[in-house]
Amino acid sequence: MKKALVTGVTGQDGAYLAQFLLDKGYEVYGAYRRTSSLNLWRVQFLKIENHPRLKLVEFNLLDASNCLRIISQIQPDEVYNLAAQSFVGVSFEQPLVTSQTTGIGVVNMLEAIRLVNPAIKFYQASTSELYGKVSDKLQNEETAFYPRSPYGVAKLYSYWITKNYREAYNIFASNGILFNHESSIRGETFVSRKIARAIAAIVNKKQKYLYLGNLNAKRDWGHAKDFVEGMWMILQHKNPDDFVLATSKAYSVRDFVELAFSFVDIDIEWSGTGINEVGKNSKNGETLIKIDSAYFRPAEVDYLRGDHKKANKILGWKPKISFKELVKEMVENELLNI
Ligand code: NAP
Ligand code: F7E
């Protein structure tokens, strides 16, 4: 039975990946950060918390001794490093914590693997935020990086240190450069879930307005379930390598809002400009969406659209869940659980 260590198991991808690996027959060590109140709601949502092959272990990526001990005690076949401060907005407020956790912290894990057993395979959660101020209309593994946030810069370090340990020590260390992926268990502050939650609250008269920042930013949004399968495929490939996982379709935040409201039969009509723009229910003229400048970022990533040809050709990976299905699932889940 193969053993996998998944860091960040309390996060969206960690929970989905743990579920995926359990289904594949792995023994899964789900590493979570010790806090005053353990937060396992995602693992519970996916109904895997009592799975006999899921072992939850306390862990902190910032503590090198802890990484070393965990790797030497568990002796995993595969390590998926998903732990990070992953919110781009917060990274502008907490640049040092973000640099340490999302950037430097990764070395703790790579060093532990190098010292304990360099045959352990390592997956690093890299991101489309590396591209930032994009030069190409469609970004692939060859596109130049130009990160636009402390988060993106930290991920640039972790991307390169992963590649460096591969080249210097022959460790099977691969980067998955993943474009945005969402689900019903996405963090509440990311724009997709924020919109879905607000719609359920507005329909149920618990909230009057949805406040947003930049409506025109475009993202390549997929479903987390498809993407965790890609992470596993990356580590099953015969050689360590870096792969883009994306849907290759881009939609704006505005598109997301319009589609999401359409699932509760509300057609959004926009008027005004800049921070005075509003979104109204076209049937009765009621204002539902307002702009709040607090949600604008000091430097924005305007456009991301990934080219997943390499992953498709070499790994046979492709996304299965469409943008429309994703948004529908998210809105329906919020309506059910409000
Ligand atoms: P997430 O929901 O924010 O999960 C991040 C996880 O990291 C949480 O379990 C968090 O624990 C844990 N963590 C944070 N600091 C830690 C530390 N010092 N030690 C141990 N664990 C720590 O993020 P996600 O969406 O699942 O993303 C997973 C990974 O993929 C992240 O590295 C993210 O940057 C990257 N990524 C995400 C996307 C996306 O669209 N989702 C795209 C590209 C790359 P707590 O629960 O205790 O906070
Ligand atoms: O923002 C705009 C915002 O916070 C998406 C992380 O998983 O994906 C994620 O990063 C866009 C941005 O995700 C609001 O300015 C407008 O342009 O949902 P987000 P993100 O920044 O793309 C990448 C791939 C990662 O690696 C990250 O870990 O939406 N936007 N209004 C807003 N964003 C938020 N959060 N809230 C708003 O009110």
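For the structure, check the block above.
Read on for a plain summary of the structure. (Residues numbered from 1 in each chain as written. Chains lettered and ligands numbered in written order. Predicted model: local features only at pLDDT ≥ 70, side-chain atom pairs only at ≥ 80, totals over all residues. Heavy atoms only, no water.)

## So, the sheet that holds strand β15 (residues 287-291)
So, step 1. An order of β8-β15-β14-β13 is seen for the four strands of this open sheet, with the pairing classed as mixed. A single partner strand is all that each edge strand has here, and the edge strands are β8 (210-212) and β13 (268-271). Taken pair by pair, the neighbouring strands of this sheet meet at an average axis angle of 25 degrees, ignoring direction.
So, step 2. Contacting β8 and β15, helix α7 (residues 191-203) crosses the sheet at an angle of about 160 degrees to β8.
So, step 3. The strands touched by helix α9 (residues 253-262) are β8, β13 and β15; relative to β13, the strand with the most contacts, the crossing angle is about 145 degrees. (Pairing = 2+ DSSP bridges. Helix = DSSP H or I, 4+ residues; strand = E, 2+ residues; numbered from the N terminus. Axes fitted to C-alpha atoms, helices over the stretch in contact; angles between N-to-C directions. Contact = heavy atoms within 4.5 Å.)

## Observations regarding the nonpolar core
So, step 1. If you look at the biggest cluster of nonpolar residues, it comprises 38 residues, and the most contacted ones within it are Leu17, Leu21, Val28, Tyr80, Leu82, Tyr123 and Met231.
So, step 2. Within the residue set of this core, elements represented by two or more residues are β1 (3-7), α1 (12-23), β2 (27-32), β5 (121-127), α8 (224-236), β11 (243-245) and α10 (309-315).
So, step 3. For this core, the element with the highest residue contribution is α8, accounting for eight residues.
So, step 4. Beyond its immediate stretch of four places on either side in the chain, Tyr123 contacts Val79, Tyr80, Asn81, Leu82, Ser174, Gly176, Leu178, Met231, Ile234 and Leu235.
So, step 5. Ala196, Ile202, Val253 and Val257 belong to the second-largest nonpolar core, a separate cluster that totals 27 residues. (Core = buried A, V, L, I, M, F, W, Y, C linked by side-chain atoms within 4.5 Å. Buried < 20%, exposed > 50% of the residue type's maximum accessible area, 1.4 Å probe, protein only.)

## A few points about the site of ligand 2
So, step 1. In the vicinity of ligand 2, 24 residues are found, and the nearest of them are Ser86, Thr127, Tyr151, Arg297 and Glu300.
So, step 2. Tyr151 has a polar side-chain atom sitting 2.7 Å from an oxygen atom of ligand 2.
So, step 3. Side-chain polar atom of Arg219 to an oxygen atom of ligand 2: 2.8 Å apart, as the coordinates give it.
So, step 4. Contact with the protein chains covers 96% of the free accessible surface of ligand 2, which is 700 Å².
So, step 5. Residues of the shell around ligand 2, tallied by class, amount to 11 nonpolar, seven polar and six charged. (Near = heavy atom within 4 Å. Polar contact = N/O pair within 3.5 Å; in protein donor to acceptor, adjacent residues only side chain to side chain. Areas by Shrake-Rupley, 256 points an atom, 1.4 Å probe, with all protein chains shown as cover. Nonpolar A, V, L, I, M, F, W, Y, C, P; charged D, E, K, R; others polar.)

## Looking at the sheet that holds strand β6 (residues 173-178)
So, step 1. Taking strand neighbours across the sheet as the criterion, the seven strands line up as β3-β2-β1-β4-β5-β6-β11 in an open arrangement whose pairing is parallel. Two strands bound the open sheet, and with one partner strand each, they are β3 (54-58) and β11. Direction aside, the axes of adjacent strands within the sheet are offset by 20 degrees on average.
So, step 2. Here strand β4 (residues 78-81) runs beside β5; their pairing, made up of four bridges, is parallel. Within β5, the position partnered with Val79 by the bridge is Phe122.
So, step 3. Lying over the sheet, α1 contacts β1, β2, β3 and β4, oriented at roughly 170 degrees with respect to β1.
So, step 4. Across the sheet, helix α5 (residues 95-116) lies against β1, β4, β5 and β6, angled at about 165 degrees from β5, the strand it touches most.

## Comments concerning the site of ligand 1
So, step 1. Surveying the vicinity of ligand 1 reveals 26 residues, the closest of which are Thr10, Asp13, Arg33, Ser86 and Tyr151.
So, step 2. Measuring from an oxygen atom of ligand 1, one finds a side-chain N or O atom of Thr10 at 2.6 Å.
So, step 3. Contacts to ligand 1 include Asn39, whose side-chain N or O atom sits 3.3 Å from an oxygen atom.
So, step 4. For ligand 1, whose free accessible area comes to 900 Å², the fraction covered by protein is 90%.
So, step 5. The set of elements that each furnish at least two residues to the shell around ligand 1 consists of α1, β5 and α6 (150-169).
So, step 6. No other element matches β5, which puts three residues into the shell around ligand 1.
So, step 7. Of the residues in the shell around ligand 1, the class split is 10 nonpolar, 12 polar and four charged.

## Side note on α7
So, step 1. Between its first and last C-alpha, α7 extends 18 Å over 13 residues, near the 18 Å set by a 1.5 Å rise per residue.
So, step 2. For α7, the tally of buried residues reaches 10 of 13 residues, placing the bulk of the element in the interior.
So, step 3. Among the residues making up α7, those that are buried are Ser192, Arg193, Lys194, Ile195, Ala196, Ala198, Ile199, Ala200, Ala201 and Ile202.
So, step 4. Close packing links the buried residues of α7 with α2 (41-45), β7 (181-182), β8, α9, β15 and α11 (323-337). (Expected span 1.5 Å × (residues − 1).)

## Points about the packing of aromatic side chains
So, step 1. All chains considered together, the criterion is met by 14 aromatic pairs.
So, step 2. Measuring from centroid to centroid gives 5.2 Å for Tyr159 and Trp160, while their planes differ by 90 degrees, and the two rings are edge-to-face.
So, step 3. With relative accessibility at 3%, the residue Tyr159 sits in the buried group.
So, step 4. Taking the relative accessible area as the measure of exposure, Trp160 reaches 46% and is therefore partly exposed.
So, step 5. Seen in terms of ring centroids, Trp221 and Phe323 are 6.0 Å apart; in terms of plane orientation they differ by 20 degrees. Their pairing is stacked. Here Trp221 is found in the loop between β9 (218-219) and β10 (222-223), whereas its partner Phe323 is found in helix α11, with 102 residues between them in sequence. (Phe/Tyr/Trp six-rings, centres within 6.5 Å; stacked < 30°, edge-to-face > 60°.)

## Some remarks on the packing of α1 against α8
So, step 1. Where α1 contacts α8, the two axes come as close as 9 Å, and the packing angle between them is 65 degrees. Along this stretch, α1 crosses α8, giving a crossing that reads as right-handed. Where α1 abuts α8, its residues Gln12, Asp13, Tyr16, Leu17, Phe20 and Leu21 lie against Ala224, Lys225, Val228, Glu229, Met231 and Trp232.
So, step 2. Among the residues forming the contact of α1 with α8, the class breakdown is eight nonpolar, one polar and three charged. (Left-handed = near helix turned anticlockwise from the far one by under 90°.)

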